[in-house]
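# Remarks on the overall topology
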Amino acid sequence: MKILKLPQELISRIAAGQVVERPSSVVKELLENSLDAGATEIDIYLKKSGLHQIMVVDNGNGMDKDNLKVSFLPHTTSKISSNHDLTDIQSLGFRGEALASICAIASLTIKSRVKDKQTGNQVILKKGKLSQIQSVGMAQGTSVEVTDLFKKIPARLKHLKSPTYEMKAILLTILSRALAHPETDFKLTHNEKVHFVYRKTSRKDRIRDVLGKSFSDDLFEIKSHTNNLRLSGFIGHPQIASRSRTKSYLYINNRPVLHPSLTSAIKKAYGTLLDPKSFPNFVLFLTIPTVYVDVNITPTKDSVSLSNEKEVLQFVYESVTKTLEKHNLMYRFSYQKSYNSALGEKLKKVSPAWDMRETTLSNNSSVISLDNVYLAVSTENGILLIDQHAAHERILYNQFKKALSADSLNNLVAPDNATIISLSASDSPRSKLRGII
Ligand code: ADP
Ligand code: MG
């Protein structure tokens, strides 16, 4: 056995594997570069779900000839220059890996022109090597064209899914950036057909353009802050909750992120308003001082670690709860953490992991909330456990049946598992039916 130093080409290809998993990864990196360059117009062109061509054209700051010549080399970036900068990441990119990685597994043509120059420059890169550099006439900004993606890596090509799946992944990548940047136009052309155009607009209108009118009509705005933290955006009415997480968009410092404990905190705030199998819809933007945020934990930068996580989770939970309460969607007892009743003491001993809180009703009986999901009450025969969500459904179902019979519609039978989410205040029987799903 002999330990060898790998050749540079192989090093680049291995590194590229972590950054570019599929066509949507290329789209993501190019979009982030355009946004970092301050673009207000971004045009994306694709052919065959990105496998034949991905081209992103922006009107951002551009690169001069010297910068263009080094932009695609490994570990070259204009976004950070010192160790200290890593604790204050303001840009989407900073690892100086994207263009180099793409270059290692595809052919690349980059054109760029800065504001104060009459012409731009173009580099063509094939097989990771610069094959040409020349000046070109173009508008201010940058255009990056990627072709022959994974052509030389059959294993990667094999690992890709259907063109429809890859296209969906690309669409999701674009729309999650479009939601965060309503100040920028986004246009997507696929196989020479315009797929969508999102024009500069307000945040609320961008949500409507991207996620649809029915989604945006059922949103509540959130705006809250502490000394350190700020949360803004929109949360969905429980009646538009989804069976999957496809309509939950979370941003930290305007970067789309995956953060399971934050997503759980948001879901937890909905408590029993949601069926346990549903997920709330939201588009939430969290601003946290950069010193607390470490984005440098994965090459794709879509996960972050927060050194003040506990504080953030509590803040987000409370902000969502308050917003739901403000819209009369929640009624809460004022629970306490201490237990007056024997039942509370007993339960705590048996299941110390439950988040338990207790309240005393006017008839002096105690009600204990378990993880905001069940209510426990003491009865003559033992303990009665109530699933709050199911109980809420049952109450609404009974109200609904009563309302229907009052309207002489009692021969209408609701399906057994009907979830009645909201009843309209209007008298029309038709509007009362709207709430059944
Ligand atoms: P990073 O974004 O992490 O810095 P990249 O490999 O994505 O690394 O890009 C390298 C550098 O090329 C960037 O730091 C930036 O200076 C320049 N660059 C890339 N794309 C663009 C663009 N669309 N407009 C202007 N500059 C760009
Ligand atoms: Mg980048």
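So, here's what we can say about the structure. (Residues numbered from 1 in each chain as written. Chains lettered and ligands numbered in written order. Predicted model: local features only at pLDDT ≥ 70, side-chain atom pairs only at ≥ 80, totals over all residues. Heavy atoms only, no water.)

### A closer look at the layout of surface pockets
So the rule is basically this: Using only the protein atoms, space was sampled on a 1 Å grid; points where a 1.4 Å probe fits but cannot get out form cavities, open sets with protein on both sides within 12 Å along at least five of seven lines form pockets, and lining residues are those with an atom within 4 Å of a point. Grid points are joined across faces, edges and corners, and a volume is the space filled by probe spheres set on the points. Helix numbering and strand numbering both begin at the N terminus, where a helix is a DSSP run of H or I of at least 4 residues and a strand a DSSP run of E of at least 2. The residue classification treats Ala, Val, Leu, Ile, Met, Phe, Trp, Tyr, Cys and Pro as nonpolar and Asp, Glu, Lys and Arg as charged. All others, Gly included, are polar. Reported domain spans reflect what an automatic or database domain assignment gives.
Space inside the largest pocket adds up to approximately 940 Å³. Taken together, 30 residues form the lining of the largest pocket, with Leu-172, Ser-176, Arg-177, Leu-258 and Asp-302 sitting closest to its centre. Breaking the lining of the largest pocket down by element, the ones donating at least two residues are helix 1 (8-19), helix 2 (23-36), helix 6 (163-180), strand 11 (248-252) and helix 9 (260-270). In terms of residue count, helix 6 provides more of the lining of the largest pocket than any other element does, six residues in total. The residue makeup of the lining of the largest pocket, split by class, is 13 nonpolar, 11 polar and six charged. For the lining of the largest pocket, the two domains that each supply at least three residues are domain 1 (1-200) and domain 2 (212-353).

### Comments concerning the site of ligand 1
What counts is decided by this rule: Only a single heavy atom is needed: when it lies within 4 Å of a molecule or strand, its residue is near that molecule or strand. Here a polar contact means two N or O atoms within 3.5 Å. Within protein one must be a hydrogen donor candidate and the other an acceptor candidate, and residues neighboring in sequence count only if both atoms are side-chain atoms. For every accessible area listed, the method is Shrake-Rupley and the probe measures 1.4 Å; residues are considered covered only by the protein chains on display.
Around ligand 1, the structure places 18 residues, and the nearest of them are Asn-33, Thr-77, Ser-78, Lys-79 and Gly-96. For ligand 1, an oxygen atom lies 2.5 Å from a polar atom in the side chain of Ser-78. Backbone polar atom of Leu-99 to an oxygen atom of ligand 1: 2.9 Å apart, as the coordinates give it. Considered on its own, ligand 1 offers 530 Å² of accessible surface; in the complex 92% of this is hidden by protein.

### Details of helix 10 (residues 309-326)
Our working definition: Here, expected helix span is obtained from the residue count minus one, scaled by 1.5 Å. Exposure categories follow from relative accessible area, calculated using a 1.4 Å probe and restricted to protein chains: below 20% of the type maximum is buried, above 50% is exposed, and the middle band is partly exposed. Residue contacts are defined here by distance: any two heavy atoms, one from each residue, within 4.5 Å place the two residues in contact.
Relative to the 26 Å expected for 18 residues at 1.5 Å per residue, helix 10 spans 26 Å between its end C-alpha atoms, a close match to the ideal helical length. Taken together, the buried positions of helix 10 are Val-312, Phe-315, Val-316, Tyr-317, Ser-319, Val-320, Thr-321, Thr-323 and Leu-324. The secondary structure elements touched by the buried residues of helix 10 are strand 9 (219-225), strand 10 (230-236), helix 9, strand 13 (282-287) and strand 15 (305-306).

### Here's the deal with the pattern of salt bridges
Test applied: For salt bridges, the criterion is a side-chain nitrogen of Lys or Arg within 4 Å of an Asp or Glu carboxyl oxygen.
Evaluation of the coordinates by the stated rule reveals 17 salt bridges. Note that Glu-192 and Lys-47 form a salt bridge whose closest N and O atoms lie 3.7 Å from each other. You can see Glu-192 sitting in the loop between strand 7 (185-190) and strand 8 (193-198) and its partner Lys-47 sitting in strand 1 (residues 41-47), a full 145 residues away along the chain. Overall, the relative accessible area of 66% leaves Glu-192 in the exposed class. For Lys-47, a relative accessible area of 32% corresponds to the partly exposed category. Salt-bridge contacts for Asp-217 lead to Lys-213; the nearest nitrogen and oxygen are separated by 2.8 Å. Here Asp-217 and its partner Lys-213 are both found in helix 8 (residues 213-217), four residues apart, which amounts to about one turn of the helix. In this structure, Asp-217 and Lys-213 share a single accessibility class: exposed. Look at the salt bridges and you will find they share partners, linking Lys-28, Glu-29, Glu-32, Arg-177 and Lys-301 into a network.

### Section: the nonpolar core
Rules: Among the buried residues, those of types Ala, Val, Leu, Ile, Met, Phe, Trp, Tyr and Cys that are joined through side-chain atoms within 4.5 Å form a nonpolar core.
Leu-30, Ile-110, Val-146, Ile-174, Leu-179, Leu-211 and Val-283 are the most contacted members of the largest nonpolar core, which totals 55 residues. Sorting elements by how many residues they give to this core places helix 6 first, with seven residues. Here this core gathers at least three residues from each of two domains, domain 1 (1-200) and domain 2 (212-353). If sequence neighbours within four positions are ignored, Leu-30 has contacts with Ile-54, Val-56, Leu-99, Ile-102, Val-144 and Val-146. Counting residues in hydrophobic clusters, the runner-up holds 31 residues, among them Phe-94, Ile-222, Ile-252 and Leu-274.

### Concerning the sheet that holds strand 5 (residues 129-136)
Adjacent strands of a sheet form backbone hydrogen bonds with each other and so pair up, either parallel or antiparallel. Here is the rule: Paired strands, in this sense, are two strands between which DSSP finds at least two bridges. In this analysis an axis means a line fitted to C-alpha atoms, helices contributing only their contacting stretch, and an angle means the value between N-to-C directions, from 0 to 180 degrees.
With mixed pairing, the eight strands of this open sheet are ordered in space as 5-4-3-6-2-1-7-8. Edge positions in the sheet fall to strand 5 and strand 8, since each of these pairs with one other strand and no more. Averaged over all pairs of adjacent strands, the angle between their axes in this sheet comes to 10°, without regard to strand direction. Examined bridge by bridge, strand 3 (residues 107-113) and strand 6 (residues 141-147) share seven bridges and lie antiparallel to one another. Within strand 6, the position partnered with Ser-112 by the bridge is Thr-142.

### Topic: the packing of helix 2 against helix 6
Under the convention used in this document: Put simply, angles under 35 degrees are roughly parallel, angles over 145 are roughly antiparallel, angles from 65 to 115 are roughly perpendicular, and the rest are oblique. Less than a right angle of anticlockwise turn of the near helix away from the far helix marks a crossing as left-handed, whereas a clockwise turn marks it as right-handed.
Where helix 2 meets helix 6, the closest approach of the two axes is 8 Å, and the angle between their N-to-C directions is 20°. When the interaxial angle is binned, helix 2 and helix 6 end up roughly parallel. Here helix 2 and helix 6 pass one another in a crossing that is right-handed. Facing helix 2, whose interface residues are Pro-23, Ser-24, Val-27, Lys-28, Leu-31, Glu-32 and Leu-35, helix 6 presents Glu-166, Ala-169, Ile-170, Thr-173, Ile-174 and Arg-177. The residue inventory of the contact of helix 2 with helix 6, partitioned by class, reads seven nonpolar, two polar and four charged.

### Describing the environment of Glu-309
Topologically, Glu-309 is positioned in helix 10. For the pair Glu-309 and Ser-261, spaced 48 residues apart in the sequence, the C-alpha separation amounts to 8.9 Å. Setting aside chain neighbours within four positions, we find Glu-309 in contact with His-259 and Ser-261. Of note is the side chain of Glu-309, whose polar atom sits 3.1 Å from the side chain of Ser-261.

### Considerations on the sheet that holds strand 13
Ordered in space as 9-10-13-11-12, the five strands form an open sheet in which the pairing is mixed. Strands with a single pairing partner mark the edges of an open sheet, and in this sheet they are strand 9 and strand 12 (255-256). When strand 11 meets strand 12, the two strands line up antiparallel, connected through two bridges. The partner of Ile-252 across the bridge, within strand 12, is Arg-255. Contacts between helix 10 and the sheet are confined to strand 9, strand 10 and strand 13, with strand 9 contributing the most and set at about 135° to the helix.

So far we have only geometry, and geometry alone does not tell us how the molecule works.
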